[in-house]
Each structure stands twice: as C-alpha cells, then as structure tokens.
Amino acid sequence: MIRLKTSEEIRLLRDSGKLAAQTLRFAGSLVRPGISTLEIDQLVREFILDHDAYPSPLNYPGRPTDPRKPRIDQGCFPHSICTSINQVVTHGIPNPKDVLREGDIVNLDITVCLKGYHGDCSATYGVGEISAEANNLVGLTQKCLDAGIASAKEGSFLNDIGSTIQDMAEAEGYSVVRDYCGHGIGRKFHEEPQVLHHRDRPGPRLRKGMVFTIEPMINQGGWKTRLLDDGWTAVTADGKLSAQFEHTIAITEHGTEILTVCEN
Ligand code: MF3
Ligand code: CO
Ligand code: CO
C-alpha cells in the first residue's frame, strides 16, 4: 500500500529534503584527494546534528542510536552516510582506509530525519581531475535522473520513470542496475512503492501525495552487482565504474516538486 502524504506532511518533507540537500552540498565541498570517507562521514554527521536532525543510515534498519556514542546492532549500517567509490555501486561504508585519490569518482548518499520525516539525496563527485570516460558516465547518470524526474507526472505510470532511464542509459552504451531501486519515503526511510530504474510492468499511476526517491545507478559495463562480505557494499560484478544520483520528489497539486533542493 502506498501511503499518500497530506499537504502538511509534504511541508515537513520539504524541510527535511532541503536539509538533506544542504548537507549533500556540504559533503561535496569536502571531496578532495587525501581525505578518507570516514573523515567525510564524521564531519557530515556533525553538520546533521547541528541542524537538529538524525543521520538516517546510522544503525539502519535498527532503531536510532546515540549518534555520538553509537551502538550498532548486528547487521545494521555502522555510519551516518554512504560513500561509494569507483566500482562501488551503492551502500559503501565509510572507512579510514578509503582515502580519496585524484581521478576517483565517489557517490555521497545523505539521508536525514528531521522532525520525524526523512529526506534522501545523493550525488557523484569527481576527485580532482577525472578521465573523460568517468566524466561521461557521471554526466549521463545525472541526465538519467533528470529525465526520470521529468517523466514523473500525476497520471503517468510509475514505470515510465524506469523506461525513460533505461532508454537513455542504453542509448549511450551504459547499463542500469536492477538490484537496487528508489523507494517511497516519509516517516519511514524506505516504504512502498519500489521505484525501478529499468523497464518493467507499468505499475500504479502517480497520484497527488506520493513522495518517493529516484536514484539511478548506471554502470559502464554490465548491470550485475555483487555484495561484499560486509553485507552492505555492492560492487559491479565486472569491476567497471558505476555512478549514482538521487532526489526525493513529491507529486503535488502544483506538479512534481523536487524536495531535495537547497532553494525552493
Ligand atoms: N540512502 C540509501 C538510499 O538511497 C539507503 C542507505 S541505507 C544504509 O536508499 F543503511 F545503507 F544507509
Ligand atoms: Co534512497
Ligand atoms: Co539515498
């Protein structure tokens, strides 16, 4: 069942989305050769706490924990953001050993919970100068997200989003990850519907009050992924590069609104 949000709830989701976007902008400003992904995580966690919010990934899907003295339950995510470098598709775990190097690409995925509502967004950044191939992948992935959002209108089918993204990616010789998808979001971090980024059954029609993410992961090589032994980190099966961008959007009476923006 897809839970439709009231206009009051969308106001709250707009606030959390705005904070998520501000946090992502801050996180992106930290990207440089020599910084570790755990250093980025720690600075971003402080930023989120300073804005009276909670970093949703911390101990997910377990209960929120004390962010300054986290107690991580078995199998739960151990840090505040996801950091996915190069061939990592999604859900990379911040690590002091993962030091960014010139030429890397890194996705920073930020989710905050403000006043009980989640906002979720991500972007892929180049570290210093990156190759033309990496730059093309990142640009195309951004374009796929934008086209997916443009296809999401009240009355359209949910899977118009996936069809649009798959067509755009494959026209350029890239592939679309199928093992992870976008999701409804609200008081829960992940709720119905699942938002596939590839072509599938049409699914439900989009209606006012639906709030969900679109977060395509686009690969240079094949679409298949492999999960590392840490239980979270997904990598490309063929070791080639992957990029991802994400926004949270709402279907409202005034049209489709991107919630994860800094200036509305
Ligand atoms: N932010 C991710 C998403 O877009 C989910 C991260 S869950 C975590 O849905 F536990 F890995 F943080
Ligand atoms: Co998401
Ligand atoms: Co996310």
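In what follows, the accompanying structure is described. (Residues numbered from 1 in each chain as written. Chains lettered and ligands numbered in written order. Predicted model: local features only at pLDDT ≥ 70, side-chain atom pairs only at ≥ 80, totals over all residues. Heavy atoms only, no water.)

**As for the coordination of the cobalt ion (ligand 2)**
(1) Moving on: The cobalt ion (ligand 2) binds to the protein through Asp120 (OD), His183 (NE2), Glu215 (OE) and Glu246 (OE), with metal-donor distances spanning 2.0 to 2.2 Å.
(2) Moving on: Metal-centred angles of 51 to 161° between the 6 donor atoms at the cobalt ion (ligand 2) mark the site as irregular.
(3) Moving on: The distance between the cobalt ion (ligand 2) and the cobalt ion (ligand 3) comes to 3.3 Å, with aspartate 120 serving as a donor to both metals. On the criterion of sequence distance, the pair formed by aspartate 120 in strand β5 (residues 117-126) and glutamate 246 in the loop between β13 (242-244) and β14 (247-252) is long-range, its members being 126 residues apart. As far as burial versus exposure is concerned, aspartate 120 and glutamate 246 are alike and both buried. (Donors = N, O, S within 2.8 Å, 3.2 Å for Na, K, Ca; no water. Tetrahedral: all angles 85-135°; square planar, octahedral: opposite > 155°, others 65-115°. Helix = DSSP H or I, 4+ residues; strand = E, 2+ residues; numbered from the N terminus. Buried < 20%, exposed > 50% of the residue type's maximum accessible area, 1.4 Å probe, protein only.)

**Observations regarding the packing of aromatic side chains**
(1) Moving on: What the rule picks out here adds up to 3 aromatic pairs.
(2) Moving on: Each ring, one from phenylalanine 77 and one from tryptophan 232, has its centre 5.2 Å from the other, and the planes form 90°; the classification is edge-to-face. With phenylalanine 77 in the loop between β1 (54-55) and β2 (82-85) and tryptophan 232 in the loop between β11 (225-227) and β12 (234-236), this pair connects stretches of sequence that are 155 residues apart. Judged on exposure class, the residue phenylalanine 77 and its partner tryptophan 232 are both buried. (Phe/Tyr/Trp six-rings, centres within 6.5 Å; stacked < 30°, edge-to-face > 60°.)

**With respect to the pattern of salt bridges**
Charged atoms that come close allow side chains of opposite charge to pair.
(1) Moving on: Counted according to the given criterion, the structure contains 10 salt bridges.
(2) Moving on: In this structure, the salt-bridge partner of lysine 5 is glutamate 191, at a minimum N-O distance of 2.4 Å. Taken as a pair, lysine 5 in the segment before α1 (7-29) and glutamate 191 in strand β8 (residues 191-195) lie far apart in primary sequence, 186 residues in all. For the pair lysine 5 and glutamate 191, one class covers both residues: buried.
(3) Moving on: Among the salt bridges present, the one from aspartate 73 reaches arginine 71, with a minimum N-O distance of 2.7 Å.
(4) Moving on: Several salt bridges converge on common partners, so that one network encompasses Arg45, Glu46 and Arg68. (Salt bridge = Lys/Arg side-chain N within 4 Å of Asp/Glu carboxyl O.)

**Comments concerning the coordination of the cobalt ion (ligand 3)**
(1) Moving on: The protein atoms that coordinate the cobalt ion (ligand 3) are Asp109 (OD), Asp109 (OD), Asp120 (OD) and Glu246 (OE), at distances of 2.1 to 2.5 Å.
(2) Moving on: Taken together, the 6 donor atoms coordinating the cobalt ion (ligand 3) span angles of 57 to 164° at the metal, a pattern that classifies the geometry as irregular.
(3) Moving on: Written as a sequence motif, the donor arrangement for the cobalt ion (ligand 3) is D-x10-D-x125-E.
(4) Moving on: The class for aspartate 120 is buried, based on a relative accessible area of 2%.
(5) Moving on: The exposure class of glutamate 246 is buried, given its relative accessible area of 1%.

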